[in-house]
Amino acid sequence: FLEPETLKPQTSKITFEDVAGQENAKREVSELVDYLRHPEQFRQVGAEVPRGVLLMGPPGTGKTLMAKALAGEAGVPFYTISASEFIEVFVGVGAARVRRLFEAAKKSAPSIIFIDELDSIGRTRGTGLGGGHDEREQTLNQILAELDGFTGREAVIVVAATNRPDVLDPALLRPGRFDRHVTLDLPDRRDRLAILEVHTRKVPLAAGVALDTVAAGTPGFSGADLKNLVNEAAILAARQQRREVTAQDFDEARDRLLMGAVRTLVIQP
Ligand code: ATP
């Protein structure tokens, strides 16, 4: 089979400045930045540093963004895998991939492994028809084995993201595994404004645009929704060959996004 892309580390230019709001999460993650920058300082005094960090929060709240900001702030390579891509046809492939991934990350330590959608692989075991031997469970078991196999000397932090912490196998959350939990919340009005400011950095706004009014009118929007909103508004302006995005573009974009959301709510059972 093909050598997985995921063995090539990425570098990240994203920093905490790109993550608007989420102050609590940033504070917790910045402790890990310190560690990844100077692991030897921690080792010298025998300080135990978390191995596994679970980022929890609704879709679009910036979990992936936060993991990339950790890599960017620390200046370390970043290995990313989406847990859903482990669901392979051939038994054993997922586990082998996990093994190679951890090997590669250890070689280039200090480094980060990011597992997206942990819930797709980390659901409680023993619920499938495979009687505990199916592909998903083998992969999950391999992740647990790798987490347990760290000797404490390797400066590798494993970050996983989920929007369903409730379905995770409790074995994943045990001490020494994903025992550090960081919650990302939907933004309040002030944080929505901050997110809109980040995403309009390069967007020319017409004089009448008040981003705090946009923020006030978008309760329940996630960071991803707000990014989408700015983009939709910019598209509306571009289509009419305007050089600036107006308040009306924002209104129209918001209505479209809300209508789209209503449509999916109606269609989905
Ligand atoms: P999912 O659970 O759907 O995978 P997620 O929580 O991982 O979502 P991201 O993929 O990180 O969310 O967010 C999507 C995009 O939304 C980001 O790339 C970023 O552009 C924007 N975004 C989300 N949160 C923020 C934020 N706090 N500040 C700035 N941009 C944000």
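Within any chain, residue numbers begin from 1 and follow the written order of that chain's sequence. Owing to the predicted nature of the model, reporting of local features is limited to residues with pLDDT of at least 70; listing and counting of side-chain atom pairs is limited to 80 or more, with chain, interface and lining totals taken over all residues. Water and hydrogen atoms were dropped before computing side-chain values, which therefore reflect all heavy atoms in the structure.

In the nomenclature of an unreviewed UniProt entry, the chain corresponds to ATP-dependent zinc metalloprotease FtsH from the organism Thioalbus denitrificans.

## Regarding the environment of D188
Helical segments are the DSSP runs of H or I of at least four residues, strand segments are the runs of E of at least two, and each set is numbered from the N terminus. Here D188 shows up in the loop between β5 (180-183) and α7 (189-199). Counting along the chain gives 167 residues from D188 to G21, while the straight-line C-alpha distance between them is 8.9 Å.

## So, the packing of helix α1 (residues 23-37) against helix α3 (residues 63-74)
One way to put it is that α1 packs onto α3 with a least axis distance of 9 Å and a crossing angle of 40°. Pair α1 / α3 crosses with right-handed handedness. Within the contact between the two elements, α1 uses A25, K26, V29, L32, V33, L36 and R37 and α3 uses M66, L70, E73 and A74. Polar here means any residue outside two lists: the nonpolar Ala, Val, Leu, Ile, Met, Phe, Trp, Tyr, Cys and Pro, and the charged Asp, Glu, Lys and Arg; Gly therefore counts as polar. Taken together, the residues that form the contact of α1 with α3 break down as eight nonpolar, no polar and three charged. Orientation is described by lines fitted to C-alpha atoms, with helices fitted over the stretch in contact, and by angles between N-to-C directions that extend from 0 to 180 degrees. By the definition used in this description, the sense in which the near helix is turned from the far one sets the handedness, with an anticlockwise turn below a right angle giving left-handed and a clockwise turn giving right-handed. The criterion used for residue contact is that any of the two residues' heavy atoms lie within 4.5 Å.

## Here we look at helix α4 (residues 93-107)
Between its first and last C-alpha atoms α4 spans 21 Å; for 15 residues at 1.5 Å apiece the expected length is 21 Å, and the two agree. Where the residues of α4 are buried, they touch β2 (78-82), β3 (111-116), α6 (135-149) and β4 (156-162). Between the first and last residue of a helix there are one fewer steps than residues, each counted as 1.5 Å, and that sum is the expected span.

## Quick word on the pattern of salt bridges
A pair is scored as a salt bridge if a Lys or Arg side-chain nitrogen falls within 4 Å of a carboxyl oxygen belonging to Asp or Glu. Inspection of every chain in the model, using the stated rule, returns nine salt bridges. The salt bridge involving R242 is made with D249; its shortest N-O contact spans 2.8 Å. Judged by its relative accessible area of 29%, R242 falls in the partly exposed class. Residues D255 and R254 are paired through a salt bridge, measuring 3.7 Å at the closest nitrogen-oxygen approach. Three exposure classes are used, based on accessible area relative to the maximum for each residue type with a 1.4 Å probe and protein chains only: buried under 20%, partly exposed in between, and exposed over 50%.

## Some details on empty space enclosed by the protein
Here the term cavity refers to a set of points on a 1 Å grid, laid over the protein atoms alone, in which a 1.4 Å probe fits but cannot get out; the term pocket refers to an open set having protein on both sides within 12 Å along at least five of seven lines, with lining residues being those that place an atom within 4 Å of a point. Grid points are joined across faces, edges and corners, and a volume is the space filled by probe spheres set on the points. Per the counting criterion, the structure on display carries one cavity of 30 Å³ or more. In this structure, the largest cavity occupies an estimated 30 Å³ of space. V29, L32, V53, L55, M66, A67, L70 and V159 together form the lining of the largest cavity. If you list the elements that add at least two residues to the lining of the largest cavity, you get α1, β1 (52-56) and α3. A class-by-class count of the residues in the lining of the largest cavity yields eight nonpolar, no polar and no charged.

## Structural notes on the packing of α7 against helix α9 (residues 223-239)
Interaxial distance between α7 and α9 falls to 9 Å at its minimum, and their mutual angle equals 45°. The orientation of α7 relative to α9 falls into the category oblique. Where α7 crosses over α9, the two elements pack in a sense that is right-handed. Only G223, L226, K227, L229 and V230 of α9 make contact with α7, whose side of the interface consists of R192, I195, L196 and H199. Here is the rule for angles: anything less than 35 degrees is roughly parallel, anything more than 145 is roughly antiparallel, 65 through 115 is roughly perpendicular, and the remaining ranges are oblique.

## Side note on the environment of R51
Its place among the elements puts R51 in the loop between α2 (39-44) and β1. Residue class for R51 comes out buried when judged on its relative accessible area of 11%. The sequence separation of R51 and V158 amounts to 107 residues, and the corresponding C-alpha distance is 6.0 Å. With near-sequence residues (within four places) excluded, R51 lies in contact with Y35, F150, G152, R153, E154, V156, I157, V158 and G176.

## Brief notes about the site of the ligand
Being near a molecule or strand, for a residue, means having at least one of its heavy atoms within 4 Å of it. As a matter of local geometry, the ligand sits amid 16 residues, with A20, G60, K63, T64 and H199 nearest to it. Backbone polar atom of T61 to an oxygen atom of the ligand: 3.2 Å apart, as the coordinates give it. L65 is positioned such that a nitrogen or oxygen atom in its backbone is 2.9 Å from an oxygen atom of the ligand. About the coverage of the ligand: the protein hides 80% of its 630 Å² of free accessible area. Because more than half of its atoms lie within 2 Å of the grid, the ligand is assigned to the largest pocket. Counting only elements with at least two residues in the shell around the ligand, the list comes to α3, α7 and α9. Residues adjacent in sequence count toward polar contacts only when both atoms are side-chain atoms; beyond that, a polar contact is any pair of N or O atoms within 3.5 Å, and within protein one must be able to donate a hydrogen and the other to accept it. Each accessible area is a Shrake-Rupley result for a 1.4 Å probe, and residues are judged covered by the shown protein chains and nothing else. Assignment of a molecule to a cavity or pocket requires that more than half of its atoms lie within 2 Å of the corresponding grid points.

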